[in-house]
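Single-letter residue listing:
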Amino acid sequence: MRRNNLELWDLANDGDYQVIGGKGDVIATVVCVPQSGPLWITVSAYSNDAGLAASTRNAVKAHIVNTVLID
């Protein structure tokens, strides 16, 4: 989210697996629950401007998808 210049409001360090951030007229949420097997992640964004919400969601999602995992 920081790469998209979003201010982070909730870092999921309270155990709820949810990161929340936003800037101006958009709020984004990423939920990632650890489990065995494939990892499931949801990315959502909210705004009165549907285009802004979609572009924010897609930008955050792209950073997650393009992340290189290191073992």
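The structure this text deals with has already been given above.
Residues numbered from 1 in each chain as written. Predicted model: local features only at pLDDT ≥ 70, side-chain atom pairs only at ≥ 80, totals over all residues. Heavy atoms only, no water.

Engineer: Would you explain unusual backbone geometry in this entry?
Structural biologist: The phi angle of most residues is negative, glycine excepted, and most peptide bonds adopt the trans form. For asparagine 5, which is not glycine, the phi dihedral falls at a positive 60°. Summarising the element assignment, asparagine 5 is placed in the segment before β1 (7–10). Notably, alanine 12 is not glycine yet its phi reads approximately 70°, a positive angle. Mapped onto the elements of the fold, alanine 12 is located in the loop between β1 and β2 (18–23). (Helix = DSSP H or I, 4+ residues; strand = E, 2+ residues; numbered from the N terminus.)

Engineer: I would appreciate a short explanation of the sheet that holds strand β4 (residues 40–46) in the present structure.
Structural biologist: What links the strands of a sheet is backbone hydrogen bonding, and the strands pair in either a parallel or an antiparallel sense. The strand order across the open sheet formed by 4 strands is β1-β2-β3-β4, and the pairing between neighbours is antiparallel. This sheet does not close on itself; its edge strands, each paired only once, are β1 and β4. On average, each strand axis in the sheet is tilted by 20° relative to the strand beside it, whichever way the strands run. Summarising the sheet, β2 and strand β3 (residues 26–33) pair through 6 bridges and their orientation is antiparallel. Bridge assignment links valine 19 to a residue of β3, and that residue is valine 30. Strands in contact with helix α1 (residues 50–65) are β3 and β4; relative to β4, the strand with the most contacts, it is inclined by about 150°. (Pairing = 2+ DSSP bridges. Axes fitted to C-alpha atoms, helices over the stretch in contact; angles between N-to-C directions. Contact = heavy atoms within 4.5 Å.)

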